[in-house]
Amino acid sequence: MMKRKLFYATCVALIAFAACKRDDYWNQTTVVQRGSISGTLTNTDDNTVLKGVKILFQRQTKANGDQTFIDTVSTDVKGQFRYDVPFPNLVKVSIRDTGRYHLEENFVDVTENKDYPILLNSYPRFGISQINVQVLSDLKQPYMGIKVGLYERESNTESYSVVDTLLSDEQGRVSFTGRAFPVRYKVKVAEPNVAYMPDSLEGALLTRTPIELTLTTKSLFGKGNLKLVSKQVFSNQVIKNEKFQYRYKSVVDKEFSTWEEGEFDNVGQFTLVNKVYPGDVEIKYNNNSKVRFEVQNSTMTLAESNTVTPFQVMIKDLDPRYTKPILTNLKVSTLVLNNGLSVKGPFAITMDNSHNLYIADGYKNQLFMIDASGSASVIAGSGAAGSVDGAGTAATFNGMWGVAVDSSGTIYTTDAASVAGAHRIRKIVKNANGDYTVSTIAGTGTAGTADGVGSAATFNRPSGIIFDKARTSLYVSEWGGARLRKIDLSTTANTVSTLAIPSGAGNLFTMTLTPDGKDMYVSSNNNNNIFKYNFTSNSIAPYQNSNVNNRGLFATAGDVLLATAGNHNLIFYYDLKTNVMTELSTRVSSGDETGQVIDNVPIKDEAARFFQPFGIYYDVWTGNWYVANNTNKNAEKTVGSVRIIRSDDI
């Protein structure tokens, strides 16, 4: 007898120990293998499936068969359920909603990593009913094709379980049939709230009598063609015939569509056809795009207004689109300065990395800036002639002929007037508060030829100023001294040296570097010559005698040297491969400077006249040429202007 008692005690202890080990196994945080219990709940009354019924999962934790709660899941619209449990475990699967359904249970001994299919059968304890819902629009008309969801719970302390989601028919109706009672229910518009106005109702289904409910909603979206038009950052020009990739997500979509290829047409427009709006569109370049670009507003929200008014897609090129100027179908217009500003005698033009345009006005002795948005301002110079350093618009200049800007936005100008106090190189720095400060970095104010450090060096009417390719030094041309000077900016000393003295040159106006930085071209006004300085041999020699007095120069990719001739009122260029000169505009003699300048006409048209064109700058990002039109005489007054040349083929 004692041996038998000891045997039973040992068995109970082993079962209890195993149960404890299962507890440890269940609760551990490491990944464990699991088996799957899946099944279908069927109504024994009519062999239909039972939807939205809670299924209870418990596991045995004690040798006496006591069960511990694991979880509950609800049957889906097909009456199916599934749950994963670690093994080994003896799991009890039963009906949780016993207030409405007959209790049914099953035991599953989960011992392997596999699926354990089971069947559960039950039936409504008190009978079934149905919930009928009609969906109306905000105008009280039946709303077809709207999703309506049904959710149920047996008590107020439970959470709702999803039973089914149905689409409303032509009369806006849905019927949820076979619903066991008593039960708490909620019906609601199951469409996204951003797409449809939400509405829901809650109540109790207590008898066999069907419940009739009404939900009201309205669509918060439309459908139509959404128009996009490309705009290039800085120039605000449309980008024509550009291919790209795009994808779209409307308010009724959970995620973006797959990427598709599109193309802006010959007016820069692209239309998304038959799209639900509001929605978001994303655009990026692909291998078929002309250039790499980024969209400034990368995710764009389109609304109903875009079915009428195109949405502007602001595109910023990652690489220059127009490194080589297009020389066909050129037309000319005039840059209009806002804020009541105007130039009188522009000598030089340049641009910084942020696409701000700078105009050096040698008659007004002021530096104008037109920012990337097109807003104009005077950032340096009071308008009076002088050589006073200090705050930007309080400082004075003496013949501001040249302008250059480095990668940080620091600006350098020249004082080229033939007066005492001029003959200086000036520096303009933007302060943290947005104001500017002017200082002198080289020159004494007296004409001379001395090399040296900063203020010890002298210049004779410094005119043009540009950076070397590394932007660590400045090159300066002299109108009075006919020399090329170099200012080393690599240290604070600002050491000035003489780079070259071209033989026979006079009145040097400006310089330009070729894109590879190997050569520099220099304009000489008094002998109608252009000189070429080679950095490999450190030598300078005449390049071409153009038979016109040379002023502005700008070398571009494709071996093109753009140029202006002041007294001949001419725009021309050299092909540096063939050394052939081509006149782009109509020559006008220096004495024939009357008449009104006409815009938007071909550059060769006599109506597109230039008067004293000095500086010239080519913008590789937009394809625009900017020309400093120094004097424009008409019947009313003498003013200057900045002319824009652009090809209609862009």
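What you see is a predicted model, and the numbers here were worked out from it, not measured in a lab. (Residues numbered from 1 in each chain as written. Predicted model: local features only at pLDDT ≥ 70, side-chain atom pairs only at ≥ 80, totals over all residues. Heavy atoms only, no water.)

(A) How the structure looks around the overall build of the chain. Assigned secondary structure in the chain consists of one helix and 49 strands. On C-alpha atoms alone, the chain measures out to a radius of gyration of 41 Å, which is more than a quarter above the 26 Å that the 2.2 N^0.38 rule sets for 650 residues. Taken across its 650 residues, the chain has 48% of its residues classed as buried. For the chain, contacts bridging at least 24 residues in sequence account for 55% of all contacts bridging at least 6. Surface summary for the chain: the accessible area is close to 29,600 Å², and the carbon and sulfur share equals 48%. Across the chain, the centroid of the 66 positively charged side chains sits 3 Å from that of the 63 negatively charged ones. (Helix = DSSP H or I, 4+ residues; strand = E, 2+ residues; numbered from the N terminus. Rg over C-alpha atoms; globule rule 2.2 N^0.38 Å. Buried < 20%, exposed > 50% of the residue type's maximum accessible area, 1.4 Å probe, protein only. Contact = heavy atoms within 4.5 Å. Areas by Shrake-Rupley, 256 points an atom, 1.4 Å probe, with all protein chains shown as cover. Lys, Arg positive; Asp, Glu negative; His and termini not counted. Charge placed at Lys NZ, Arg CZ, Asp CG, Glu CD.)

(B) Examining the environment of D199 more closely. Tracing the backbone through its elements, the reader meets D199 in the loop between strand 12 (183-189) and strand 13 (200-205). It is 72 Å that separates the C-alpha atoms of D199 and T631, two residues lying 432 residues apart in sequence. Ignoring sequence-local partners within four residues, the contact set of D199 consists of V187, K188, V189, T214, L215 and T216. Among the polar contacts made by the side chain of D199, one reaches the main-chain amide nitrogen of T216 at a distance of 2.8 Å. (Polar contact = N/O pair within 3.5 Å; in protein donor to acceptor, adjacent residues only side chain to side chain.)

(C) How the structure looks around the pairing of strand 27 (residues 376-380). Relative to strand 27, strand 26 (residues 366-370) runs antiparallel, the two sharing four bridges. Pairing of F368 across the sheet is with V378, part of strand 27. Between the end of strand 26 and the start of strand 27, which pair antiparallel, lie five residues, with G374 showing a positive phi angle near 95 degrees. (Pairing = 2+ DSSP bridges.)

(D) Region of the structure containing the sheet that holds strand 30 (residues 411-415). Within the open sheet, the five strands sit side by side as 28-32-31-30-29. Their pairing is antiparallel. Looking at the sheet topology across the chains shown, the edges are occupied by strand 28 (390-391) and strand 29 (400-405).

(E) Region of the structure containing the side chain of E282. Assignment of secondary structure puts E282 in strand 19 (residues 279-284). Side chain to side chain, E282 and R247 meet in a polar contact 2.9 Å long. A polar contact of 3.2 Å, which involves the side chain of E282, links it to the side chain of T299. Discounting chain neighbours no more than four positions away, the residues touching E282 are Q245, Y246, R247, F256, W259, S298 and T299.

(F) Highlighting the pattern of salt bridges. Under the criterion given, the structure shown has 21 salt bridges. K51 serves as the salt-bridge partner of D164, at 2.9 Å between the closest nitrogen and oxygen. Within this pair, whereas D164 is found in strand 10 (residues 161-167), its partner K51 is found in the loop between strand 1 (34-43) and strand 2 (54-60), the two being separated by 113 residues in sequence. What makes D164 buried here is its relative accessible area of 10%. With a shortest N-O distance of 3.8 Å, K114 and E112 are connected by a salt bridge. (Salt bridge = Lys/Arg side-chain N within 4 Å of Asp/Glu carboxyl O.)

(G) The packing of aromatic side chains, seen in detail. A complete count under the given rule lists 25 aromatic pairs for this structure. For the ring pair F244 and F264, a centre distance of 4.6 Å and an interplane angle of 35 degrees mean the geometry is tilted. Of this pair, F244 sits in strand 16 (residues 243-250) while F264 sits in the loop between strand 17 (260-263) and strand 18 (269-277), and the two are 20 residues apart along the sequence. Taken together, the ring pairs connect F347, Y363, W401, W479, F509 and F614 into an aromatic cluster. Stacked on the ring of F256, the Lys or Arg R247 has its end atom at 4.7 Å from the ring centre. The cationic tip of R643 hangs over the ring face of F610; the distance from NZ or CZ to the ring centre is 5.5 Å. (Phe/Tyr/Trp six-rings, centres within 6.5 Å; stacked < 30°, edge-to-face > 60°. Lys NZ or Arg CZ within 6 Å of the ring centre and 35° of its normal.)

(H) Summary view of the sheet that holds strand 8 (residues 128-136). Spatially, 11-8-14 is the arrangement adopted by the three strands of the open sheet, whose pairing is mixed. The open sheet terminates on both sides in strands that have one partner only, identified here as strand 11 (173-180) and strand 14 (211-216). With direction set aside, neighbouring strand axes in the sheet form an average angle of 20 degrees. Looking at chain direction, strand 8 and strand 11 are connected through six bridges and run antiparallel. Paired with Q134 across the strands is R173, a residue of strand 11. (Axes fitted to C-alpha atoms, helices over the stretch in contact; angles between N-to-C directions.)

(I) Examining the nonpolar core more closely. The biggest cluster of nonpolar side chains holds 34 residues, and the ones touching the most others in it are W625 and I645. Top contributing element to this core by residue count: strand 48 (residues 625-633), with four residues. Filtering out sequence-adjacent residues up to four positions away, I645 remains in contact with L330, K331, V332, I571, I603, F610, G623, N624, W625 and V627. (Core = buried A, V, L, I, M, F, W, Y, C linked by side-chain atoms within 4.5 Å.)

(J) Just the pairing of strand 40 (residues 529-534), in detail. With six bridges connecting them, strand 39 (residues 519-524) and strand 40 associate as antiparallel partners. In the sheet register, V522 faces strand 40, and the bridge partner there is F531. The loop that links strand 39 with its antiparallel partner strand 40 comprises four residues; one of these, N528, has a positive phi angle of about 55 degrees. Strand direction decides the pairing type here: strand 40 and strand 41 (residues 539-545), joined by six bridges, are antiparallel.

(K) Layout of the confidence of the model for the chain. When pLDDT is averaged across the chain, the result is 91; 93% of the residues are at 70 or more. For residues 1-29, every residue scores under 50 in pLDDT, and the model assigns this stretch 21 contacts once sequence neighbours within four places are set aside. (pLDDT = per-residue confidence, 0-100.)

(L) Molecular detail of the side chain of K92. Relative to the helices and strands, K92 resides in strand 5 (residues 89-95). Residue classification places K92 among the buried residues on the basis of a relative accessible area of 17%. Of note is the side chain of K92, whose polar atom sits 3.2 Å from the side chain of E105. Dropping the residues within four chain positions of it, K92 is found in contact with L56, F57, Q58, Q67, E105, N106 and F107.

(M) Geometry of unusual backbone geometry. Here the amide bond leading from F181 into P182 is cis, since omega sits at 0 degrees, within 30 degrees of zero. On the secondary structure map, P182 appears in the loop between strand 11 and strand 12. For H355, which is not a glycine, the phi torsion comes out positive at approximately 70 degrees. Unusually for a residue other than glycine, N547 sits at a positive phi of about 65 degrees. With respect to the secondary-structure elements, N547 resides in the loop between strand 41 and strand 42 (550-556). A residue is classified by how much of its surface remains accessible, and N547, at 55% relative accessible area, is exposed.

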